[in-house]
Amino acid sequence: MKRSAVVTAGTAGIGLETALGLAAAGFAVTVVGRNADRGARAVARIGATGPAHPARFLRADLASLDEVRSLADRIATDHAASGEPLAVLVNNVGAMFADPHEHDGIEASFVVNHLSPYLLTELLRPTLVASAPSRIVNVTSGAVALAKRAFDAVEPPGGYYGFHWYGRAKLANLAYTLDLAARLDGTGVTVFAADPGGAATDMTAGTMADPKIVSPGLRLLWPLVRRKFERSTSGPASVAARPSIVAATDEGLAGRTGVVIGAGARPVTPFRWATDHRVAEAVRRLSERHAPLTTA
């Protein structure tokens, strides 16, 4: 039976390379993005590899929670109608912003890096459970190590520094990922986090050059840190996609859940604060408040 995979932000960079890897593994791949021209090019590139099943593109602005809801409804409806299992969901979307701004009245970094993948996953849970065995892969980041761990509100205390706020949103999503793995244990749905390490992508090009994205305490050291970061993000996106592809396809992971696949495409120890049940509970309350599964 044909088994499908969905990759968000799948029209370029790490997302496209992930989609190519899943297509090569025999999945019918849906790539999600906001630009139809890039989507068409992505589908054509996947098609040029001679996949077992044709790829398709679905347009959605993943910074809009309303569009995430519509996307989830479209995917669930399509799978219910076709009877094809949704075997893999890869939440690859991510963004870092040098300056603060909002989407849907909520701080943008938290929306894109956590609330959007959280909402899509929760809305597709019934489809994924019905499709079991299935896998959820959430892309994480080493930036979680510099994140504030307060989740009483969307915005942490103190000033806005894009790199730290990005890391905090990724920490929220990593804590959610590990908590979700425990909650879905026994359903046939297994849950993974994948750390791509770094690659030259649209997100890393330019943003990291702005010292305002880090706190004043780190700013004096930022040229050194940035050079180290840029060396780590100079590799090809195809290498950075390996952790996501392994998490989605490796038979050696069958039956395992709550596993973080590191930049070397092997399981690694999760960042310890992401395993703290108090962090997970705070993130869950915050997520339910700002990204409800149903709207009035």
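Residues numbered from 1 in each chain as written. Predicted model: local features only at pLDDT ≥ 70, side-chain atom pairs only at ≥ 80, totals over all residues. Heavy atoms only, no water.

The name an unreviewed UniProt entry assigns to the protein chain is SDR family NAD(P)-dependent oxidoreductase, from the organism Saccharothrix xinjiangensis.

A. The overall build of the protein chain, seen in detail. Regarding its fold elements, the protein chain presents 10 helices and 10 strands. Here the protein chain, with 296 residues, has 51% of them falling under the buried criterion. Of the roughly 12,700 Å² that the protein chain leaves accessible, carbon and sulfur atoms contribute 54%. (Helix = DSSP H or I, 4+ residues; strand = E, 2+ residues; numbered from the N terminus. Buried < 20%, exposed > 50% of the residue type's maximum accessible area, 1.4 Å probe, protein only. Areas by Shrake-Rupley, 256 points an atom, 1.4 Å probe, with all protein chains shown as cover.)

B. Up close: the pairing of strand β7 (residues 134-139). Most of β7 is tucked away, with 6 of its 6 residues classed as buried. Each parallel crossover has a hand, and the one from β7 via helix α5 (residues 162-183) to strand β8 (residues 189-194) is right-handed. (Right-handed = clockwise from strand over helix to strand, strands pointing away.)

C. Quick look at the nonpolar core. Membership of the largest hydrophobic core comes to 54 residues, with the highest contact counts inside it found for Leu71, Phe110, Leu124 and Phe151. Secondary structure elements with two or more residues in this core: α3 (65-82), β4 (86-91), α4 (108-130), α5, β8 and α10 (277-290). The next biggest cluster of nonpolar side chains, apart from the first, holds 26 residues, and it includes Val7, Ala55, Ala247 and Ile261. (Core = buried A, V, L, I, M, F, W, Y, C linked by side-chain atoms within 4.5 Å.)

D. Molecular detail of helix α9 (residues 242-249). Taking burial as the measure, the 8 residues of α9 include 6 buried ones, the bulk of the element. Looking at the packing, one finds that the buried side of α9 touches α1 (13-24), β4, β7, β8, α8 (237-240) and β9 (259-261). (Contact = heavy atoms within 4.5 Å.)

E. Summary view of helix α2 (residues 36-47). With 12 residues, α2 should reach 16 Å at 1.5 Å per residue; the first-to-last C-alpha distance of 16 Å fits that figure. Elements in contact with the buried residues of α2: α1, β2 (28-33) and β3 (56-59). Where α2 begins, the capping side chain belongs to Asn35, and its oxygen is found 3.0 Å from the backbone nitrogen of Asp37. (Expected span 1.5 Å × (residues − 1). Polar contact = N/O pair within 3.5 Å; in protein donor to acceptor, adjacent residues only side chain to side chain.)

F. Spotlight on the environment of Thr8. As for its placement among the helices and strands, Thr8 is situated in strand β1 (residues 4-8). Overall, Thr8 belongs to the buried group, its relative accessible area being 1%. Spatially, the C-alpha atom of Thr8 lies 5.6 Å from that of Val93, the residues being 85 residues apart in sequence. Residue contacts for Thr8: discarding those within four places in its chain leaves Val32, Leu62, Val90, Asn91, Asn92, Val93 and Leu120. Here Val93 takes part through its backbone nitrogen, which lies 3.2 Å from a polar atom of the side chain of Thr8.

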